[in-house]
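Residues per chain are reported as follows:
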Amino acid sequence: PEKYSFDTDESKERVFNYLLSFNINEEKNILRTYEIIKSILGEKIVPIADDSFGNYICLNFSEHEKKYQVLFFDLNNKKVEKIAINFSEFLEKLY
């Protein structure tokens, strides 16, 4: 079985769908998605993947928030949930 579910500090069984592409010709790529959400989350949070519902898994490059570097952004509710302190921990949390 593949590991694609993860928990945040506020919710259970979020779903890792796929990594966003760097290919600008693909509809869902990192650059296009970043442009959409940076006005909401700021320039230091970069989307790297999505779930099946249009939400994003992001990396946090903010100088102010060093504790959690992997975040979940619920696009519909404009809410950020903490996932892991680094990408390795995020991978370990997949089940």
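Model, not experiment: these values are computed from the prediction.

S.K.: Would you explain the packing of aromatic side chains in this entry?
M.R.: We describe a pair of aromatic rings using the distance from one ring centre to the other and the angle between the two ring planes. Applying the stated criterion across every chain, the model contains four aromatic pairs. Measuring from ring centre to ring centre gives 5.9 Å for Phe 16 and Phe 90, while their planes differ by 45°; the resulting arrangement is tilted. Pair noted here: Phe 16 is in the loop between strand E2 (14-15) and strand E3 (18-19) and Phe 90 is in helix H2 (residues 87-93), with a separation of 74 residues, a long-range link. Judged by its relative accessible area of 18%, Phe 16 is buried. We classify Phe 90 as buried; its relative accessible area is 0%. Counting every residue linked through ring pairs, the aromatic cluster contains Phe 6, Phe 16, Phe 72, Phe 87 and Phe 90.

Procedures and definitions
Residues numbered from 1 in each chain as written. Predicted model: local features only at pLDDT ≥ 70, side-chain atom pairs only at ≥ 80, totals over all residues. Heavy atoms only, no water. Phe/Tyr/Trp six-rings, centres within 6.5 Å; stacked < 30°, edge-to-face > 60°. Helix = DSSP H or I, 4+ residues; strand = E, 2+ residues; numbered from the N terminus. Buried < 20%, exposed > 50% of the residue type's maximum accessible area, 1.4 Å probe, protein only.

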